[in-house]
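Spelled out from the first residue to the last, the chains are:
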Amino acid sequence: MFDIILQAGASVLLDPLTLGLMAIGTLAGLLAGAIPGFTIAMGVILTLPFTFGMSPIQGLATMMGVFVGGLSGGLMSGMLTGIPGTPSSVATTFDGFPMVRAGKPGLALGLGLWSSFFGGMISAVILVALAPQLAFLGLEFGPWDYFSLIIFALTITVSLSGDNMVKGLIAGLLGLFAACVGEDEINGVARFAFGSDYIRQGFAFLPVLIGLFAFSQLLSDVEDSKKAKAPLMAKTADPVRVEHRKAIALVIRNWINLFRSSFIGIFTGILPAAGGSISNILAYDQAKKAAKNRDEFGKGAVDGIIAPESANNATAGGALIMMMALGIPGDIVTAVMLGALMIHNIIPGPSFIQDEPMLAYGVFIAFFAAHFFMVGLQAFSLKLFLLVTRIPMYVLASVILAYCAIGVFALHNITFDIWVMFGFGVIGYFMRKLGFPLAPMILGVVLGKLAELNIARAIGTSDDYFLFLTRPWSLFFLLMAIVSILFPFYQNANKDSLFSKIYVPISMMVLSFPLFLMGSPVRMIIAAILLLTGSFLIYKRTISLQTI
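Because the structure is predicted, anything quoted here is derived from the model rather than measured.

Cut-off values and rules
Residues numbered from 1 in each chain as written. Predicted model: local features only at pLDDT ≥ 70, side-chain atom pairs only at ≥ 80, totals over all residues. Heavy atoms only, no water. Helix = DSSP H or I, 4+ residues; strand = E, 2+ residues; numbered from the N terminus. Buried < 20%, exposed > 50% of the residue type's maximum accessible area, 1.4 Å probe, protein only. Contact = heavy atoms within 4.5 Å. Areas by Shrake-Rupley, 256 points an atom, 1.4 Å probe, with all protein chains shown as cover. Salt bridge = Lys/Arg side-chain N within 4 Å of Asp/Glu carboxyl O. 1 Å grid on protein atoms, 1.4 Å probe; cavity = no way out; pocket = protein on both sides within 12 Å on 5 of 7 lines; lining within 4 Å. Points joined across faces, edges and corners; volume = space filled by probe spheres on them. Nonpolar A, V, L, I, M, F, W, Y, C, P; charged D, E, K, R; others polar. Polar contact = N/O pair within 3.5 Å; in protein donor to acceptor, adjacent residues only side chain to side chain. Expected span 1.5 Å × (residues − 1). Patch = residues over 30% accessible without salt bridge, like charges linked within 9 Å, V, L, I, M, F, W, Y side chains within 5 Å. pLDDT = per-residue confidence, 0-100. Phe/Tyr/Trp six-rings, centres within 6.5 Å; stacked < 30°, edge-to-face > 60°. Lys NZ or Arg CZ within 6 Å of the ring centre and 35° of its normal. Axes fitted to C-alpha atoms, helices over the stretch in contact; angles between N-to-C directions. Parallel < 35°, antiparallel > 145°, perpendicular 65-115°, else oblique. Left-handed = near helix turned anticlockwise from the far one by under 90°. Bend = angle between axes of the 7 residues up to and from the residue.

Let's talk about the overall build of the protein chain
Next, step 1: Helix and strand counts for the protein chain stand at 26 helices and 2 strands.
Next, step 2: Of all 548 residues assigned to the protein chain, the portion counted as buried reaches 55%.
Next, step 3: Considering only contacts within the protein chain whose residues lie at least 6 apart along the sequence, 77% involve residues at least 24 apart.
Next, step 4: Here the protein chain displays about 23200 Å² of accessible surface, and carbon together with sulfur accounts for 70% of that area.

Structure representation (C-alpha cells):
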C-alpha cells in the first residue's frame, strides 16, 4: 500500500498542471467562503463544468482546493464583520469577532488559519490510514440514531444560552418553529403557509442565517451616527498584521482541544448529511465545557476559535471517507464530487479503494496538499482582508448588505429570500436588544429540519418506539443529551456537594452501557475502561466522604 501512496503522491505533487489547478481552486474557495451568502457548495458546483475536460484526478484536485479553501475562507468575513461566510463558520464568530473588536485581528485570524490547517492535517492522516475501517461506522446509523444525535446536538442550546437559560431555550424554540414552516418533506403537507406559495416552500437556511447574524449586526452598528462613521476597529488597535508565530504557539499549547475538536469533526463528517454546520457548534460546545475559563467564551477566548475551525476542516476528511469508501456523500459538496466521478465513469463504493487505489489515494493526497495552498494563499490575502477593518462602518455596512442580498438572491433566484433575510434581520436586531442569544436560534433552524426528517423516517420504517432506546447508538446519544443538560448544573454546583462529586463518575458508568451493547471488541474495551474508571472514582469519593 505504501508504494501506491507514493505513486499517487507523485501523480499529484509532481504534476505542475494539477498543482496549478489546485491553487486556483483554493483561491476561488477562499473568495467563495469569504463572501456571505456564497456557499462552498455553490463554488464547487460552478467549478464542476470546468472539470469535464480534465482527467479525474485533476478535476477532483481542483474541487478539493475549492472545498478546503471555502471551509477556511468563511472565517475571514466571520471574524472581521461578525457575519459567517459559510454555515460551517457560525461558531467561529462567537469568539473570533469579539477578539477582532478587542483590537486583535491579526491574532484572531492567525488562530483561525492555523487551527484550520492543523485540523485538516489530522483529518488527512486519519483519512489515508483508516478510510476503509472508519467508513463502515456510518452504515451503523439509522434514522433513530440520527434523531437521537440531533437531540443531543439541540441540548447545546443550554451551553450557548450564557447566563440566561430561559431566553436561550426560547430562542432555540423559535429556531425550531422557523424550521417547521413550509411543506413537510415527507408528506408534502403545508404548515403555517397562510395560503402563500412563497411561505409554503419554507425558509431557506442561508437567508435566515445571514438575516440573523448579518442584517441584525449591521442594524446595531449603524443605529448611532458616531458609531456608523467610525471604523470597525479603533485606530489605537494593534498593527494590521497576522501573528503567525503567536497563533501557532497557542494552537499547539491547546493541543488537547485541537485533537478533540478534530476528532469531533471527523466523526461528524463520517455521518451522512451531518457536515460542518453541526461539527463546528458541537466542537465549540465541548471546548467550552472542558475549559477552565468558561466565562471568557463569547468574549474572545482562544479555545473558542481553535475548536470550530479545526472541527470544520476535519469534517471534510470524514465526508471524503464516506464518499470514497462507500459512495455515500457526507454533504452536498461531496455529492457534487460524486457526480464528477460518475461523469468519468468511476463509481465509488466499498470496493473503490481496492479497484482504483491510485485515484483514491490521489484524492486523499490532494486533500492533504490543498491545506498547504490554503495556508500560503490565505496568509497572503489575510493582510488585504484586514484592511477591511479600517473602512468606516456605514460604507462597510452598505457593501456587505449588497453582497448579502446578491448571495441570497443567487441561491434560488427569487426575491422572497431577500425578504426572509430582511425579516429575520429585524427579528435578530430586537432579540439582541432584549438580550436573547442568537446562537440557539441558529442551532434550532439548522437541526430542526433534520430532526423532523429523521423522526418521520424512523416512524415510517417501524412503529416500535422502543428502538430509540434499544439501538446502541441511539441510546448512547440520548444518554449524552441527559449528561449535556445536567452539565450546567454541575458547573454551578458547590464543589463539596454530593452531585458535584458523583456527576462525572456516574456519567462515565452510564455511557459505558450502550458501548457494551455494540458488541465491537474495541468499543467493549472502551466501555470497560469507562466503567472501571467511574467505579474507582465513586469508591474513592465515598471513602473520602466517610473519613470527613
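Structural notes on the pattern of salt bridges
Next, step 1: Scanning the model with the defined rule gives 4 salt bridges in all.
Next, step 2: Two residues, Arg 471 and Asp 145, come together in a salt bridge whose shortest N-O distance is 2.8 Å. Here Arg 471, found in the loop between helix H23 (467–470) and helix H24 (472–492), pairs with Asp 145, found in helix H7 (residues 143–154); they are 326 residues apart in sequence, far enough to count as distant.
Next, step 3: The partner of Glu 183 in a salt bridge is Arg 200, and the shortest N-O contact between them spans 2.7 Å. Placement of Glu 183 in strand E1 (residues 182–183) and of Arg 200 in helix H10 (residues 197–200) is noted, with a sequence separation of 17 residues between them.

Here we look at the layout of surface pockets
Next, step 1: Size it by volume and the largest pocket reaches roughly 1500 Å³.
Next, step 2: Taken together, 40 residues form the lining of the largest pocket, with Arg 260, Ile 264, Gln 286, Phe 476 and Met 480 sitting closest to its centre.
Next, step 3: Those elements giving two or more residues to the lining of the largest pocket turn out to be helix H6 (105–135), H7, helix H14 (255–270), helix H15 (276–290), H24, helix H25 (498–518) and helix H26 (521–547).
Next, step 4: Its residues placed into classes, the lining of the largest pocket shows 30 nonpolar, 6 polar and 4 charged.

A closer look at empty space enclosed by the protein
The gaps of empty space that remain are located by a probe, the size of a water molecule, rolled over the atoms.
Next, step 1: Summed over the entire model, instances satisfying the criterion amount to 2 cavities of 30 Å³ or more.
Next, step 2: Taken as a whole, the largest cavity holds about 40 Å³ of empty space.
Next, step 3: Taken together, Asp 184, Glu 185, Ile 186, Lys 449, Glu 452, Leu 453 and Ala 456 make up the full set of residues lining the largest cavity.
Next, step 4: Residues belonging to the lining of the largest cavity are distributed by class as follows: 3 nonpolar, no polar and 4 charged.

A closer look at the side chain of Thr 92
Next, step 1: Along the chain, Thr 92 turns up in helix H5 (residues 92–101).
Next, step 2: In this structure the side chain of Thr 92 is engaged in a polar contact, spanning 2.6 Å, whose partner is the side chain of Glu 309.
Next, step 3: Here Thr 92 is in contact with Leu 75, Met 79, Phe 97, Asn 280, Pro 308 and Glu 309, once residues within four sequence places are set aside.

Let's talk about helix H2 (residues 16–34)
Three or four residues apart is the spacing at which side chains of an α-helix point the same way, because the helix has 3.6 residues per turn.
Next, step 1: Taking 1.5 Å as the rise per residue, H2 with 19 residues should run 27 Å; its terminal C-alpha atoms sit 27 Å apart, in good agreement.
Next, step 2: When H2 is considered as a whole, its buried residues turn out to be Thr 18, Leu 21, Met 22, Ala 23, Gly 25, Thr 26, Gly 29, Leu 30, Ala 32, Gly 33 and Ala 34.
Next, step 3: A side-chain oxygen of the first residue of H2 lies 3.2 Å from the backbone nitrogen of Leu 17; this N-cap is Asp 15.

Here we look at the environment of Gly 110
Next, step 1: When you line up the elements, Gly 110 lands in helix H6.
Next, step 2: Overall, Gly 110 belongs to the buried group, its relative accessible area being 0%.
Next, step 3: For the pair Gly 110 and Val 242, spaced 132 residues apart in sequence, the C-alpha separation works out to 5.7 Å.

Considering a nonpolar patch on the surface
Next, step 1: A cluster of nonpolar side chains, namely Val 222, Ile 391, Tyr 394, Val 395, Val 399 and Tyr 403, defines an oily patch on the protein surface of about 480 Å² accessible area.
Next, step 2: Residue contributions to the nonpolar patch peak at 4 residues, all from helix H20 (residues 393–412).

Quick notes on the confidence of the model for the protein chain
It should be kept in mind that the predicted coordinates are not to be read in detail where pLDDT is low.
Next, step 1: Summary statistics for the protein chain give a mean pLDDT of 79 and a share of 83% for residues scoring 70 or more.
Next, step 2: Per-element averaging of pLDDT across the protein chain places helix H8 (residues 156–160) at the bottom with 64 and helix H13 (residues 244–253) at the top with 90.

What about the packing of aromatic side chains?
Next, step 1: Counting across every chain of the model gives 21 aromatic pairs.
Next, step 2: With 5.7 Å between their ring centres and 65° between their planes, Phe 147 and Phe 468 make a pair best called edge-to-face. Here the residue Phe 147 occupies a position in helix H7, and Phe 468 occupies one in helix H23, the gap between them amounting to 321 residues. Judged on exposure class, the residue Phe 147 and its partner Phe 468 are both buried.
Next, step 3: One Lys or Arg, Lys 167, reaches over the ring of Phe 436 and ends 5.3 Å from the middle of that ring.

Structural notes on the packing of H5 against helix H11 (residues 205–222)
Next, step 1: Taken N-terminus to C-terminus, the directions of H5 and H11 make an angle of 25°; their axes are 14 Å apart at the nearest point. When the interaxial angle is binned, H5 and H11 end up roughly parallel. With respect to the hand of their crossing, H5 and H11 are arranged in right-handed fashion. Where H5 abuts H11, its residues Thr 93, Phe 94, Phe 97 and Arg 101 lie against Phe 213, Gln 217 and Asp 221.
Next, step 2: Each residue belonging to the contact of H5 with H11 can be placed in one class, and the counts come to 3 nonpolar, 2 polar and 2 charged.

A word on H11
Next, step 1: Here H11 spans 25 Å end to end across 18 residues, near enough to the 26 Å set by a 1.5 Å rise per residue.
Next, step 2: Approximately 35° is the largest bend angle found in H11, and it occurs at Gly 211.
Next, step 3: Judged by how many residues are buried, H11 sits mostly within the fold: 15 of 18 residues are covered.

Topic: the packing of helix H4 (residues 56–81) against H5
Next, step 1: Close contact between H4 and H5 brings their axes to 7 Å; oriented N to C, the two are set at 55°. By the angle class used here, H4 and H5 are oblique. Here H4 runs over H5; the crossing is right-handed. Contact residues: Leu 75, Gly 78, Met 79, Leu 80 and Thr 81 in H4; Thr 92, Thr 93, Gly 96, Phe 97 and Val 100 in H5.
Next, step 2: Looking at the contact of H4 with H5, its residues break down into 5 nonpolar, 5 polar and no charged.

Thoughts on the environment of Leu 530
Next, step 1: Along the chain, the position of Leu 530 falls in helix H26.
Next, step 2: Leu 530 sits in the partly exposed class, given a relative accessible area of 22%.
Next, step 3: Between the C-alpha atom of Leu 530 and that of Ser 507, which follows or precedes it by 23 residues, the distance is 9.1 Å.

A word on the environment of Gly 20
Next, step 1: Examined against the element boundaries, Gly 20 turns out to sit in helix H2.
Next, step 2: Residue classification places Gly 20 among the partly exposed positions, given a relative accessible area of 28%.
Next, step 3: Considering only alpha carbons, one finds Gly 20 and Ala 61, 41 residues apart in sequence, at a separation of 9.9 Å.

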